[in-house]
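A structural walkthrough
Spelled out from the first residue to the last, the chains are:
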4 protein chains.
Amino acid sequence: MSGSTLGTLFCVTNFGESHGPAIGCVIDGCPPGLALSEADIQHDLDRRRPGTSRHVTQRREADAVQILSGVFEGLTTGTPIALLIANTDQRSGDYADLLDTFRPGHADYAYWRKYGHRDPRGGGRASARLTAPTVAAGAVAKKWLREQYGTTFAGWMAQLGPIAIPFVDEAQIAHNPFFAPNAGVVPELEAHMDALRRAGDSCGARVNVVARGMPAGLGEPLYDRIDADIAYVMMGLNAVKGVEIGAGFRCVTQKGSEHGDELTPQGFRSNHAGGMLGGVSTGQDLVVSIAVKPTSSIRLPRASIDRAGNPTVVQTLGRHDPCVGIRAVPIAEALLAIVVMDHALRQRAQCADVRHAVPPIPGSVGGA
Amino acid sequence: MSGSTLGTLFCVTNFGESHGPAIGCVIDGCPPGLALSEADIQHDLDRRRPGTSRHVTQRREADAVQILSGVFEGLTTGTPIALLIANTDQRSGDYADLLDTFRPGHADYAYWRKYGHRDPRGGGRASARLTAPTVAAGAVAKKWLREQYGTTFAGWMAQLGPIAIPFVDEAQIAHNPFFAPNAGVVPELEAHMDALRRAGDSCGARVNVVARGMPAGLGEPLYDRIDADIAYVMMGLNAVKGVEIGAGFRCVTQKGSEHGDELTPQGFRSNHAGGMLGGVSTGQDLVVSIAVKPTSSIRLPRASIDRAGNPTVVQTLGRHDPCVGIRAVPIAEALLAIVVMDHALRQRAQCADVRHAVPPIPGSVGGA
Amino acid sequence: MSGSTLGTLFCVTNFGESHGPAIGCVIDGCPPGLALSEADIQHDLDRRRPGTSRHVTQRREADAVQILSGVFEGLTTGTPIALLIANTDQRSGDYADLLDTFRPGHADYAYWRKYGHRDPRGGGRASARLTAPTVAAGAVAKKWLREQYGTTFAGWMAQLGPIAIPFVDEAQIAHNPFFAPNAGVVPELEAHMDALRRAGDSCGARVNVVARGMPAGLGEPLYDRIDADIAYVMMGLNAVKGVEIGAGFRCVTQKGSEHGDELTPQGFRSNHAGGMLGGVSTGQDLVVSIAVKPTSSIRLPRASIDRAGNPTVVQTLGRHDPCVGIRAVPIAEALLAIVVMDHALRQRAQCADVRHAVPPIPGSVGGA
Amino acid sequence: MSGSTLGTLFCVTNFGESHGPAIGCVIDGCPPGLALSEADIQHDLDRRRPGTSRHVTQRREADAVQILSGVFEGLTTGTPIALLIANTDQRSGDYADLLDTFRPGHADYAYWRKYGHRDPRGGGRASARLTAPTVAAGAVAKKWLREQYGTTFAGWMAQLGPIAIPFVDEAQIAHNPFFAPNAGVVPELEAHMDALRRAGDSCGARVNVVARGMPAGLGEPLYDRIDADIAYVMMGLNAVKGVEIGAGFRCVTQKGSEHGDELTPQGFRSNHAGGMLGGVSTGQDLVVSIAVKPTSSIRLPRASIDRAGNPTVVQTLGRHDPCVGIRAVPIAEALLAIVVMDHALRQRAQCADVRHAVPPIPGSVGGA
């Protein structure tokens, strides 16, 4: 309940700081009997890992995950799965002079008012590094959901700063450092990022993420709606300032006769709802889009104050992602998977006995 | 934990359906000693109430709240506050022919797949009527926060369908049926709504809500961030498809040198963050914006299927809001207040001893 | 989370005070499709009801329950079931002079230190009257468990003050006002209670409760063990000061070779474990015993202090149970049922896929 | 929520198995600014550690704790404190032949029915070894409570098998391997244990634990009562079959005129309540007593069955505690401290503003 545990039944408790000895998480509530090894988790960690291209932070972390518990003879036992990831490339010196200064756009000031005391090294608890255990937990959820329901997850870069990225082909996502579903736009993205880096500035991004092969019926009607829980995890991802489901903000200018997705015996005619109605999944794809703010740590000088309240100027010279939106892609996938996993368990808790004479509606005939 | 309880320490458990005998909620965890009567709650209920203008549903509900427990001699006792609101104007007949049909854009199909069995009268549990107890609980939170910290809440219509509503004056919000902070635009809004109603169609809306006089330090760093919890409650509000905090989706095209709010001894220079950094409130205004989809219940015919999977056509002739976004305004305020209240209690649980030699930064010098 | 909600997935949120307009609860998470009417609940409420014999409080309450939500056409819908019980026989005058005095053995002093402000009428929130909604919720759990697994619950008086009550026949429990499984001892119990009442004193009791036809596998290994949760609900029942499972305190003087229940192909040879090992149900009967303290409200004068700290003398002349242990019987059954229900849902959430080639061990061959 | 997390605001999430690489826990919600090092925790771990005398298991574990996160420059930061304890003396071979057999009195059978798959090495997740992280977390709670309120904790052996241990002097507890508050009885205890060990059998125990210097007002009235939460943690301790608070089962034969603790301006005259009334602490000492069953792992042959349902005989030759009650003493202290800590935080969340003109009642004048 104290803010570092995610989920009701598939519970992920996160610990660690950017520059401590290790980070990790404890997954409680995973069903028993799932084949699981470090290799099942490492793939997604490697997608999120720093240092994989010149467009992300140059911190070098292997992010090698170790399973400490909860797996016996290659199968989950149903007891807590503890995952440990060592920190190996801390350079606390980079941050020593920031101890007394609040970096604009960072958690520094807010943490200080909250706790009175904080670990400033690498952002401490506020570091995006803490998303690594989340990605690891998401890999476990993804594997179970794929095996249980055939549900799969995909995320991609939809816009990087001013550059919108038309969706061309999901197969291309894995073949460029931007998670762009469009090989053609990659040179433009590279040029943009190189220029930003030279300028000492950063940019925002829009990331899309979908779940396919969704079971219908997941989500609670009133407060723990699946859309609410998705918004919760997505807005909780570092640097996210906006979340859309389905038509998102486009629904403001839609009419009811346009927005409401018609049903036919062949399936839904569209998916403006983004796969959820009344807080409950319909079986259509879940469709989510998030806005990621530009990295706050930039080389350009910024006005700030110190702990005594005096004016100062901040320039951040450490290793940083010029666009944190890039590495947000696998993290957003993981968060979506954790929400779906949690609601899948909740659903079978309450409704395992529900039977229908009529099969679910066929897959959506319209895209997002 | 089962989906109808909101909050960790200030807990609101909601019950009821649109056409049952009554709806209500139980507030658990309210501090003792707060002066509280039905009158303190009724004002916000009246703002949300149906039938107050021709632009909202013509259902006639007094929405008179009764306090069943938790108050003794005019003061809260610290024990559960049960609030009851009778349903008085049900017309189940309006919906009888919809029992076997799934209305496009409604929860009907999703509920049926989830539960196998549902109350179709007035939308049952999916009815926006269930937001009334939330508004009542929000009124309690608002009162406590105002007395404890001077925190206040305001919400308004920012865009109604295609009509953007420039913010002119908060004082005007209470004086038109659209919660518009701009008297000048009201005739245009009325004409738009009248035309929609004649056409049997509906429209979406954008609603803004702010909290002012915020204590700094509220929110947990990793998962239960205050921005995450705000997104959770807002996306969980019926018909909401998008949530923004601060700059929201505008941050996609902002640079870091533009987005990050600079600090000066006189205060923050801007509030792109929307009052939260690293998931923790900074003391600036909380600034939230939501997208509300167009009402799904419209008179225009829509393709659908019945429970047997056969094609059918749905026309909804009952009493409905042509723009559910209008009545979303007081609800969004209430939800924001509940989140702030919950985090205020959590904060003093963990950090009641934190003392600072330096006062908080002065109020933001930039607006939302 | 705030203390008035019981359960993780089958959640019961309780509200009300002894002398307010009504008491009740909201059950969230009940599976859909359960046939449920007020009559299914009323039977257990009537067993707990005051005024049914001269040996319990003479307060006259019909304790008629009303279902406000969550049931449609006679079946649960899966949404919150709100239950309301009106208070009809309040006599607040009985307690007016106790406003400033702390009754020995009562919550008065503790509540005052906690909240600063309390409702003294009839004990307010501390009244055993608040167990009525718990009993109602337990009736729902019992019905579902009986239909789903064949699990049944029974409770009885095992000792009343100094009088141990040998277990003779469960069928006799319903036919005497003491829930004694032994008709022969009833005259002695009546004489004892009559003498106590004349003396203005009260006595304690030991109550036993069992669950039969238990599914194996319920309970979590480390903290949310089923024995832990049973102890939690039982010790939380008003006036309970001790809880035993299986052999209970007798295990202190047992040897391992005596206590550990041997297994045979025909079943367990004994049930010292009380149906749980490692926090998980084995399929044997759950066997629980509780100690209920003597009623604190007695006519005999007792030393106390008032709110100003001055010495005073308290005599309680209102209507009270001379042995609260009597009415504890149906309450303890209800609490056990709620715990089993909650863990049954948790179990199928996590382990619905677990299959065994070998059937469960046959029912225990030894008794408690 | 999934069974391995203890507490609402001071949350301890436990992980690990007896024979995995490591065990540990994550403490979330600890207030910031508490001076904390491994040394503060190690003392209690050493009291619980195996191999410290011939009367406990001869497994040799240093149980050296490592703080992985949540402490910066010697002070807690308010973020999760991860504690890691390596397993160094696993001898899995000891247990290899038990893979297919259910040991009487052990979790083996129940786990198998629950999960279908289990780690049998050293009892896996059911091992008492998993109490080490609980003890570590309890040490943090104890330190904070001592500094904040002056609250202290003590536990001792009250009865070992048939030998009752009269309380003589708390100072003697630390000076014998039985945690006996009575040096005179130690030779008898040693002789008893030596004989048991030679016989290949085991015995039960009664352990008492108290909290002194308690703040009044901790605990929630109805369900999350402090007595309920204490019973929950104590019954959840491996091998515990009974829990008493204050007079415990003695209250069955007490009269109301004897049990109810009278109040005077000088303090309570007795403490039959064990420091709690109506689920809320009164400021008197918390007084708890538990029954610990005899160790199930004994050398004497026991009837059982294997996974195929065939009869077999089990003899346990590994390293075991002949009386698990001995090492339960520091664990019970830790559990009590965690409950008090959690409720202390909950109390200041809800009631931080409550002020009294009259000081609390003076410390109890009567003992337990």
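Everything in this summary refers to the structure shown in the same document. (Residues numbered from 1 in each chain as written. Chains lettered and ligands numbered in written order. Predicted model: local features only at pLDDT ≥ 70, side-chain atom pairs only at ≥ 80, totals over all residues. Heavy atoms only, no water.)

Considering the overall build of chain A
Regarding its fold elements, chain A presents seven helices and 18 strands. Expected size for 368 residues packed as a compact globule is a radius of gyration near 21 Å; at 21 Å, chain A falls within 12% of this value. Dimensions of chain A, computed from the C-alpha atoms along their principal axes, are close to 70 × 50 × 40 Å. In chain A, which comprises 368 residues, the share counted as buried stands at 70%. Once local pairs closer than 6 in sequence are excluded, the contacts in chain A between residues at least 24 apart make up 72%. Of the roughly 10,500 Å² that chain A leaves accessible, carbon and sulfur atoms contribute 51%. In chain A, which carries 35 positive and 36 negative side-chain charges, the distance between the mean positions of the two groups comes to 5 Å. (Helix = DSSP H or I, 4+ residues; strand = E, 2+ residues; numbered from the N terminus. Rg over C-alpha atoms; globule rule 2.2 N^0.38 Å. Buried < 20%, exposed > 50% of the residue type's maximum accessible area, 1.4 Å probe, protein only. Contact = heavy atoms within 4.5 Å. Areas by Shrake-Rupley, 256 points an atom, 1.4 Å probe, with all protein chains shown as cover. Lys, Arg positive; Asp, Glu negative; His and termini not counted. Charge placed at Lys NZ, Arg CZ, Asp CG, Glu CD.)

Remarks on the relation of the copies chain A and chain B
With an RMSD of 0.0 Å, the fit of chain A onto chain B corresponds to turning through 180 degrees and sliding 0.0 Å along the axis. As the rotation angle and translation indicate, the two copies are arranged about a two-fold axis. Residue Tyr232 of chain A of chain A places its C-alpha closer to the rotation axis than any other residue of that unit, at 2.2 Å. With an isologous cut-off of 70% or more, the 100% of interface residues of chain A that recur at the interface of chain B puts this contact in the isologous class. (Least-squares fit on C-alpha atoms with pLDDT ≥ 70 in both.)

What to know about the interface of chain C and chain B
Taken together, the 41 residues of chain C in the interface contact 41 residues of chain B. Roughly 3,300 Å² is buried in total at the junction of chain C and chain B, and carbon and sulfur atoms are behind 66% of that figure. Along the contact surface separating chain C from chain B lie zero salt bridges. Here chain C and chain B share ten residue pairs in polar contact (both at pLDDT 80 or more) between them. Of all the secondary structure elements, the ones that give two or more residues to the side of chain C that touches chain B are strand S2 (11–15), strand S3 (22–28), strand S4 (65–67), strand S6 (75–76) and strand S7 (81–86) of chain C. With four residues, the top contributor of residues to the side of chain C that touches chain B is S2 of chain C. Here the residues of the side of chain C that touches chain B sort into 18 nonpolar, 17 polar and six charged. (Buried area = accessible area lost by both parts, 1.4 Å probe. Salt bridge = Lys/Arg side-chain N within 4 Å of Asp/Glu carboxyl O. Polar contact = N/O pair within 3.5 Å; in protein donor to acceptor, adjacent residues only side chain to side chain. Nonpolar A, V, L, I, M, F, W, Y, C, P; charged D, E, K, R; others polar.)

Details of the sheet that holds strand S10 (residues 205–212) of chain B
Pairing in this open sheet of ten strands is antiparallel, and the strands run S9(A)-S8(A)-S10(A)-S16(A)-S11(A)-S11(B)-S16(B)-S10(B)-S8(B)-S9(B) from one edge to the other. What marks the edges here is a single partner per strand, and that holds for strand S9 (163–164) of chain A together with strand S9 (163–164) of chain B. In this structure, S10 of chain B lies alongside strand S16 (residues 286–292) of chain B, joined through seven bridges in antiparallel fashion. When the sheet's bridge partners are listed, Asn208 of chain B is paired in S16 of chain B with Ser289 of chain B. (Pairing = 2+ DSSP bridges.)

A closer look at the packing of helix H1 (residues 38–48) of chain C against helix H3 (residues 131–149) of chain C
All names here are of chain C. With their axes 8 Å apart at the nearest point, H1 and H3 run at an angle of 135 degrees to one another. Here H1 lies oblique to H3, going by the angle between them. In the crossing of H1 with H3, the sense of the turn from one axis to the other is right-handed. On the side of H1, the interface is formed by Asp40, Ile41, Asp44, Leu45, Arg47 and Arg48, while H3 contributes Thr131, Ala132, Val135, Ala136, Ala139, Val140, Lys142 and Lys143. (Axes fitted to C-alpha atoms, helices over the stretch in contact; angles between N-to-C directions. Parallel < 35°, antiparallel > 145°, perpendicular 65-115°, else oblique. Left-handed = near helix turned anticlockwise from the far one by under 90°.)

Concerning the pattern of salt bridges
Enumeration over the complete set of coordinates arrives at 105 salt bridges over all chains. One salt bridge connects Arg103 of chain B with Asp108 of chain B, and the closest N-O pair in it is separated by 2.8 Å. For the pair formed by Arg103 of chain B and Asp108 of chain B, the shared burial category is buried. A salt bridge links Arg48 of chain D to Asp63 of chain D; the nearest nitrogen and oxygen atoms lie 3.2 Å apart. A residue pair is termed long-range when its members are at least 10 positions apart, and Arg48 of chain D in helix H1 (residues 38–48) and Asp63 of chain D in the loop between H1 and strand S4 (65–67) qualify at 15 residues. The two residues Arg48 of chain D and Asp63 of chain D agree in class, both being buried.

What about the packing of helix H3 (residues 131–149) of chain D against helix H7 (residues 324–351) of chain D?
Angle between the axes and distance between the axes: these two values describe a pair of packed helices. Residue and element names in this part refer to chain D. The geometry of H3 relative to H7 is characterised by a closest axis approach of 7 Å and an angle of 50 degrees between their N-to-C directions. Taken together, the axis directions place H3 and H7 in an arrangement best described as oblique. As H3 packs across H7, the resulting crossing turns out to be left-handed. In this structure, H3 contributes Thr131, Thr134, Val135, Ala137, Gly138, Ala141, Lys142, Trp144, Leu145, Gln148 and Tyr149 to the contact, and H7 contributes Pro330, Ile331, Glu333, Ala334, Leu335, Ala337, Ile338, Val340, Met341, Ala344, Leu345 and Arg348.

Topic: the nonpolar core
Of all hydrophobic cores here, the largest spans 365 residues; its most connected members are Met234 of chain A, Met234 of chain B, Met234 of chain C together with Met234 of chain D. Setting aside residues up to four positions removed in sequence, Met234 of chain D forms contacts with Val209, Val240, Val243, Val288, Ile290, Ala332, Leu335 and Leu336 of chain D. (Core = buried A, V, L, I, M, F, W, Y, C linked by side-chain atoms within 4.5 Å.)

Quick notes on H1 of chain C
When we look at burial in H1 of chain C, the residues that qualify are Ile41, Gln42, Asp44, Leu45 and Arg48 of chain C. Buried residues belonging to H1 of chain C abut S4, S7, H3 and helix H7 (324–351) of chain C.

Some points on helix H4 (residues 186–199) of chain C
All names here are of chain C. The end-to-end C-alpha separation of H4 is 20 Å, in line with the 20 Å expected for 14 residues at 1.5 Å each. Of all the positions in H4, only Val186, Leu189, His192, Met193, Asp194 and Leu196 are classed as buried. On the buried face of H4, the contacting elements are strand S8 (152–160), strand S9 (163–164) and H7. Just downstream of H4, Gly200 is the residue with a positive phi angle, here 75 degrees. (Expected span 1.5 Å × (residues − 1).)

Examining the interface of chain A and chain B
Listed per partner, the contact involves 113 residues of chain A and 113 residues of chain B. With both sides pooled, the region where chain A packs onto chain B buries about 8,900 Å², and carbon together with sulfur makes up 62% of that total. The interface formed by chain A and chain B includes two salt bridges. For Arg302 of chain A, the salt bridge is made with Glu262 of chain B, and the minimal N-O distance between the two is 3.6 Å. Inspection of the chain A/chain B interface yields 49 residue pairs in polar contact (both at pLDDT 80 or more).

Some remarks on the packing of aromatic side chains
Overall, the coordinates contain 32 aromatic pairs over all chains when judged by the stated rule. When the centroid spacing of 5.9 Å and the interplanar angle of 80 degrees are considered together, the rings of Phe268 of chain A and Tyr109 of chain B count as edge-to-face. Taken together, the residues span two chains, with Phe268 of chain A in strand S13 (residues 267–268) and Tyr109 of chain B in helix H2 (residues 108–115). On the basis of relative accessible area, Tyr109 of chain B is assigned to the buried category, the value being 3%. Judged by centre distance (5.9 Å) and plane angle (90 degrees), the rings of Tyr111 of chain C and Tyr115 of chain C are edge-to-face. In this pair, Tyr111 of chain C and Tyr115 of chain C both sit in helix H2 (residues 108–115), four residues apart, roughly one turn of the helix. Looking at Tyr111 of chain C, the relative accessible area reads 6%, which means it is buried. Counting every residue linked through ring pairs, the aromatic cluster contains Phe102, Tyr109 and Trp112 of chain A together with Phe268 of chain B. (Phe/Tyr/Trp six-rings, centres within 6.5 Å; stacked < 30°, edge-to-face > 60°.)

Focus on the sheet that holds S7 of chain C
Residue and element names in this part refer to chain C. The strand order across the open sheet built from five strands is S1-S2-S3-S7-S4, with neighbouring strands paired in antiparallel fashion. Sheet topology places strand S1 (5–6) and S4 at the edges, where each strand pairs with a single neighbour. Looking at chain direction, S4 and S7 are connected through three bridges and run antiparallel. Residue Val65 lies in a different strand from S7, and its bridge partner there is Ile85. Against the sheet, H3 engages S2, S3 and S7, with an angle of about 35 degrees to S3.

Some remarks on the side chain of Arg346 of chain A
Secondary-structure assignment places Arg346 of chain A in helix H7 (residues 324–351). Reaching out from Arg346 of chain A, the side chain makes a polar contact with the side chain of Asp224 of chain A at a distance of 2.8 Å.

Section: the side chain of Ser270 of chain B
Residues and elements named next belong to chain B. Tracing the backbone shows Ser270 in the loop between strand S13 (267–268) and strand S14 (276–277). The exposure class assigned to Ser270 is buried, which follows from its relative accessible area of 16%. Among the polar contacts listed, one links the side chain of Ser270 to the side chain of Asp261, at a separation of 2.6 Å.

A closer look at the state of the cysteines
This model, assessed by the stated rule, comprises zero disulfides over all chains. Looking at the unpaired Cys25 of chain D, the closest cysteine sulfur is the one in Cys30 of chain D, lying at 11 Å. Cysteine Cys351 of chain D shares no disulfide, and the gap to the nearest cysteine sulfur, in Cys30 of chain B, comes to 10 Å. For Cys351 of chain D, a relative accessible area of 6% corresponds to the buried category. (Disulfide = S-S within 2.5 Å.)

Geometry only, nothing functional implied.
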